[in-house]
Amino acid sequence: MRFQLTTVLAVASATLSIANPTWQAEQSWAKSSGGHSTPEHTSPRPNVSCHPKTPHKPVPSSPSRDKVCYVKSHNDSITDDSTYIMDALHSCNNGGHVVFKEGTKYMIGTALDLTFLNHIDIDIQSYIQFSNDTTYWQANSFRFVFQNVTSFFKLGGNDVNIYGGGTIDGNGQVWYDLYASNIYTLRPVLFGLDGLKNSVISNLVLRYSPEYYHFIANSTNVVFDNINIAGGSKSKNLAKNTDGWDTYRSSDITIQNSVINNGDDCVSFKPNSTNILVQNLWCNGSHGISVGSLGQYKGEYDIVQNIYVYNISMHNASDGARIKVWPNTASALSGDLQGGGGSGMVQNITYDTMLIDAVDYAIEVDQCYGQSNLTLCLQYPSPLTISDVVFKNFKGKTTKKYQPEIGTFACSSTSACKNIVASGINVLSPNGTHSAYCLNVDESVLDVKCGGPYLGFN
């Protein structure tokens, strides 16, 4: 499953055939080489490097492991294998190599606290699925303090390598249908990180998460490489809030060389995300690469700083590059997503080289997130500042949704934003225009035709 991205155009052509979302996750796995039983073996640890951009910290490096533990399984897609999994992880912790065996199916029906992991390789060659017991998971999944986030398991510790080419299936359909009937349903994220450091997660297939695919909290120096994400609903009820990665109170995170087919942010930098590199991604059906949302909670000071986003291929999306900030007044995006009044800063953000293909806004800077009343938003401008932001080397075509505009640069006051620059923006709407809605920004450094009317925010 090794997958390398070199240019955005190569990404677009190379991945269309391998990243088509399907509701045959288990069947697809069974038909693949990984779905056939083989003698027990370990996978070589991938040699992960960061290219062409390099993160602030070197890629974590681990010594060889001196013990191997093969995880037992009932292999019936029904019986909970959590006890077998925990036994293997405890037995091989502190210097071992845990193997989810190729050709074997594992079922997880118990919330797993994995924050004890230390100096360990987790080799997922198999098919892992979480149970569809929504009542159990809502009562027992791990809760984070941000936006009602919960997770099937909580992954933390030091020097953890996860790889192997296997499939992890969140059994999302039952959650998509349940959320449609009750928006207060607590839907687990597929990968919940809490306090993970000096670790690499690579070479995995992730399918049908109930909500986000990754929530990265309180973590530092973690690299994600060669992750294949896909999932959608087979019913009329959409798979909502299925962000690829959300970072929160974390630093020195790298996300690269991956394919994402989802229904929300491809990557989102939530409050207190710093020193993050995102490069070489192919995103389809998403809400873009987003800073935020920020300023949601009154009394909280949110920071997103030192972010570099490079070489992104964005297809069939609401946004390419996006910054979304709540205004300084109570607002509601939906019944279960409300806020406004928080402060903070967004600083030193670069979006460099992005292919835009059927995207509503190539660039969207919005300090009125969740507030449809623009007059009210401007009456209560956000105290969260945005500065030193660069958008450069964008190419492609938007949809007709906001035609003739290809972007919006909207700050809620003249003091809220400074030094927002856009250069090399070779993006056109379907009718060939290059316009943008610009409000309270320096129009002289924006390579778009400002002066367009307000047509709305995503």
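As the structure is a prediction and not an experimental result, all values here were calculated from the model.

Colleague: Any chance you could break down the overall build of the protein chain for me, citing the residues and the numbers?
Modeller: Scanning the protein chain for helices and strands turns up 6 helices and 27 strands. The C-alpha atoms of the protein chain give a radius of gyration of 22 Å, which matches the 23 Å a tight globule of 458 residues would have. Overall, the protein chain is about 65 × 40 × 40 Å in size when its C-alpha atoms are taken along their principal axes. Classification of the 458 residues of the protein chain by burial places 60% in the buried group. Of the contacts formed within the protein chain by residues at least 6 apart in sequence, a portion of 76% connects residues at least 24 apart. Approximately 16900 Å² of the protein chain is accessible, and the part contributed by carbon and sulfur atoms is 49%. Charge separation in the protein chain, taken as the distance between the mean sites of 30 positive and 37 negative side-chain charges, equals 2 Å.

Colleague: Account for helix H5 (residues 173-181), naming residues and giving values.
Modeller: Of all the positions in H5, only Gln 173, Trp 175, Tyr 176 and Tyr 179 are classed as buried. For H5, the arc enclosing every buried residue in end-on projection is 165°, short of the 170-degree limit, so these residues lie on one face. Tucked into the core, H5 has its buried residues touching helix H4 (134-140) and strand E10 (188-189).

Colleague: I'd like a description of the side chain of Asn 221, backed by residues and values.
Modeller: Looking at the secondary structure, you find Asn 221 in strand E13 (residues 220-230). On the accessibility criterion, Asn 221 (9% relative accessible area) is buried.

Colleague: Before we move on, could you go through helix H3 (residues 82-92) and cite the residues and values that matter?
Modeller: Of all the residues in H3, the buried ones are Ser 82, Ile 85, Met 86, Ala 88, Leu 89 and Cys 92. For H3, the angular spread of the buried residues around the axis is 160°, confining them to a single face. Where H3 is buried, its residues touch strand E1 (67-70), strand E2 (96-100), strand E3 (105-108) and strand E4 (112-124). The positive-phi residue at the C-terminal boundary of H3 is Asn 94, with phi of around 65°.

Colleague: Any details on the layout of surface pockets? Residues and values, ideally.
Modeller: What the largest pocket holds in volume is close to 840 Å³. If you trace the largest pocket, you find 37 residues lining it, with Tyr 179, Lys 240, Asn 241, Asp 264 and Leu 337 closest to the centre. For the lining of the largest pocket, the secondary structure elements donating two or more residues are strand E19 (301-325) and strand E20 (331-334). Top contributing element to the lining of the largest pocket by residue count: E19, with 3 residues. For the lining of the largest pocket, the per-class residue count stands at 11 nonpolar, 16 polar and 10 charged.

Colleague: Break down the packing of aromatic side chains for me, with residues and values.
Modeller: If you walk through the whole model with that rule in mind, you get 20 aromatic pairs. The interplanar angle of 70° and the centroid separation of 5.0 Å between the aromatic rings of Phe 144 and Phe 215 together place this pair among those described as edge-to-face. Of the two residues, Phe 144 sits in the loop between strand E6 (142-143) and strand E7 (150-151) while Phe 215 sits in strand E12 (residues 214-217), which places them 71 residues apart along the sequence. Residue Phe 144 is classed as buried on the basis of its relative accessible area of 13%. An aromatic cluster is defined as three or more aromatic residues linked by ring pairs; in this entry it consists of Phe 130, Tyr 136, Trp 137, Phe 152, Phe 153 and Phe 191. Sitting over the face of the ring of Tyr 179, Arg 187 holds its NZ or CZ atom 3.7 Å from the ring centroid.

Colleague: Summarise empty space enclosed by the protein; cite the residues concerned and give the values.
Modeller: Counted under the stated rule, the structure contains 2 cavities of 30 Å³ or more. Approximately 200 Å³ is the volume found for the largest cavity. Lining the largest cavity are 15 residues, and of these Phe 100, Leu 114, Ile 124, Ile 128 and Phe 153 lie nearest its centre. For the lining of the largest cavity, the secondary structure elements donating two or more residues are H3, E4, strand E5 (127-130) and strand E8 (153-163). Among the elements that make up the lining of the largest cavity, the one with the highest residue count is E4 (4 residues). Taken together, the residues of the lining of the largest cavity break down into 15 nonpolar, no polar and no charged. What lines the second largest cavity is Pro 55, His 56, Lys 57, Asn 221, Val 223, Asp 252 and Thr 254. Broken down by secondary-structure element, the contributors of at least two residues to the lining of the second largest cavity are E13 and strand E15 (250-261). Of the residues contributing to the lining of the second largest cavity, the split by class is 2 nonpolar, 3 polar and 2 charged.

Parameters at a glance
- Residues numbered from 1 in each chain as written.
- Predicted model: local features only at pLDDT ≥ 70, side-chain atom pairs only at ≥ 80, totals over all residues.
- Heavy atoms only, no water.
- Helix = DSSP H or I, 4+ residues; strand = E, 2+ residues; numbered from the N terminus.
- Rg over C-alpha atoms; globule rule 2.2 N^0.38 Å.
- Buried < 20%, exposed > 50% of the residue type's maximum accessible area, 1.4 Å probe, protein only.
- Contact = heavy atoms within 4.5 Å.
- Areas by Shrake-Rupley, 256 points an atom, 1.4 Å probe, with all protein chains shown as cover.
- Lys, Arg positive; Asp, Glu negative; His and termini not counted.
- Charge placed at Lys NZ, Arg CZ, Asp CG, Glu CD.
- Arc of directions from axis to C-beta.
- 1 Å grid on protein atoms, 1.4 Å probe; cavity = no way out; pocket = protein on both sides within 12 Å on 5 of 7 lines; lining within 4 Å.
- Points joined across faces, edges and corners; volume = space filled by probe spheres on them.
- Nonpolar A, V, L, I, M, F, W, Y, C, P; charged D, E, K, R; others polar.
- Phe/Tyr/Trp six-rings, centres within 6.5 Å; stacked < 30°, edge-to-face > 60°.
- Lys NZ or Arg CZ within 6 Å of the ring centre and 35° of its normal.

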